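Here's the letter readout for the chains.
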Amino acid sequence: QVQLVESGGGLVQAGGSLRLSCAASGSGFRINAMGWYRQAPGKQRELVAIIDRGDNTNYADSVKGRFTISRDNAKNTVYLQMNSLKSEDIAVYYCNVDVFDYRLGTRRDYWGQGTQVTVSS
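Residues numbered from 1 in each chain as written. Predicted model: local features only at pLDDT ≥ 70, side-chain atom pairs only at ≥ 80, totals over all residues. Heavy atoms only, no water.

1. A closer look at the overall build of the chain
In terms of helices and strands, the chain carries zero helices and 11 strands. Seen in sequence order, the chain has helices and strands lined up from the N terminus as β-β-β-β-β-β-β-β-β-β-β. If one aligns the C-alpha atoms of the chain with their principal axes, the spans along those axes are about 50 × 25 × 25 Å. Considering the chain as a whole, with its 121 residues, one finds that 42% of them fall into the buried category. Here the analysis covers contacts within the chain between residues at least 6 apart in sequence; of these, 55% occur between residues at least 24 apart. For the chain, the accessible surface area stands at approximately 6,400 Å², while carbon and sulfur atoms represent 45% of it. Seen as two clouds, the 14 positive and the 11 negative side-chain charges of the chain have centres 2 Å apart. (Helix = DSSP H or I, 4+ residues; strand = E, 2+ residues; numbered from the N terminus. Buried < 20%, exposed > 50% of the residue type's maximum accessible area, 1.4 Å probe, protein only. Contact = heavy atoms within 4.5 Å. Areas by Shrake-Rupley, 256 points an atom, 1.4 Å probe, with all protein chains shown as cover. Lys, Arg positive; Asp, Glu negative; His and termini not counted. Charge placed at Lys NZ, Arg CZ, Asp CG, Glu CD.)

The following block contains the structure:
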C-alpha cells in the first residue's frame, strides 16, 4: 500500500510562485512515473506534468515554460514548481504515482488527496 501526502498549495497573486510537494510512503513497491494533475471547477481532471524514472518529462502546453516537475527518488517525492501563475491555473492539484507492487506483481497507480491552488488578480 502506498500513501501520498501533498503539500504546498495556497493563495498567491497573479505572477507569483508556489511549489507543490508529494511524498510517497509505504513499502514493497517501486515508483515508476510520478505526475501532477489538476481539476478546475466544472472541468475534467487534466494532466499538468509527468516525470519518469529516467527524469524524462512531459508538460501540458498551457504550463510549458512556467512549471517545472522534478523528483527525489531517495525521498520518494515529486515536486511541481509553479512560476508566473495565472488565474487559469486555479484548480485542485493532485499528484499521481504509478508503482510496481512487488507483492502483487502488478502495476497500479495512486492519487494524492489534492491541494488547492488559488491565484488572485
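2. Remarks on the sheet that holds strand E3 (residues 18-26)
Spatially, four strands are ordered E1-E3-E8-E7 in an open sheet, and the strand pairing comes out antiparallel. Lying at the two open borders of the sheet, with one neighbouring strand each, are strand E1 (2-7) and strand E7 (67-72). In this sheet, adjacent strand axes meet at a mean angle of 15° when their direction is disregarded. (Pairing = 2+ DSSP bridges. Axes fitted to C-alpha atoms, helices over the stretch in contact; angles between N-to-C directions.)

3. So, the state of the cysteines
Considering all chains together, one arrives at one disulfide under this definition. Disulfide pairing places Cys22 opposite Cys95 at an S-S distance of 2.0 Å. Of this pair, Cys22 sits in strand E3 while Cys95 is found in strand E9 (residues 91-101), placing the two residues 73 residues apart along the sequence. (Disulfide = S-S within 2.5 Å.)

4. Quick word on the nonpolar core
Within the largest apolar cluster, 32 residues are counted, with the highest numbers of intra-cluster contacts made by Trp36, Leu80, Met82 and Tyr93. Only E1, E3, strand E4 (29-39), strand E5 (46-51), E7, strand E8 (77-82), E9 and strand E11 (115-120) provide two or more residues apiece to this core. Looking at which element gives the most residues to this core, the answer is E9, with five residues. (Core = buried A, V, L, I, M, F, W, Y, C linked by side-chain atoms within 4.5 Å.)

5. Considering the pattern of salt bridges
For the structure on display, the rule yields five salt bridges. A salt bridge links Glu46 to Arg38, with the shortest nitrogen-to-oxygen separation between them at 2.7 Å. Of the residues examined, Arg38 reaches a relative accessible area of 6% and is grouped as buried. Among the ionic pairs, Asp89 bridges to Arg66, the shortest N-O distance being 2.8 Å. (Salt bridge = Lys/Arg side-chain N within 4 Å of Asp/Glu carboxyl O.)

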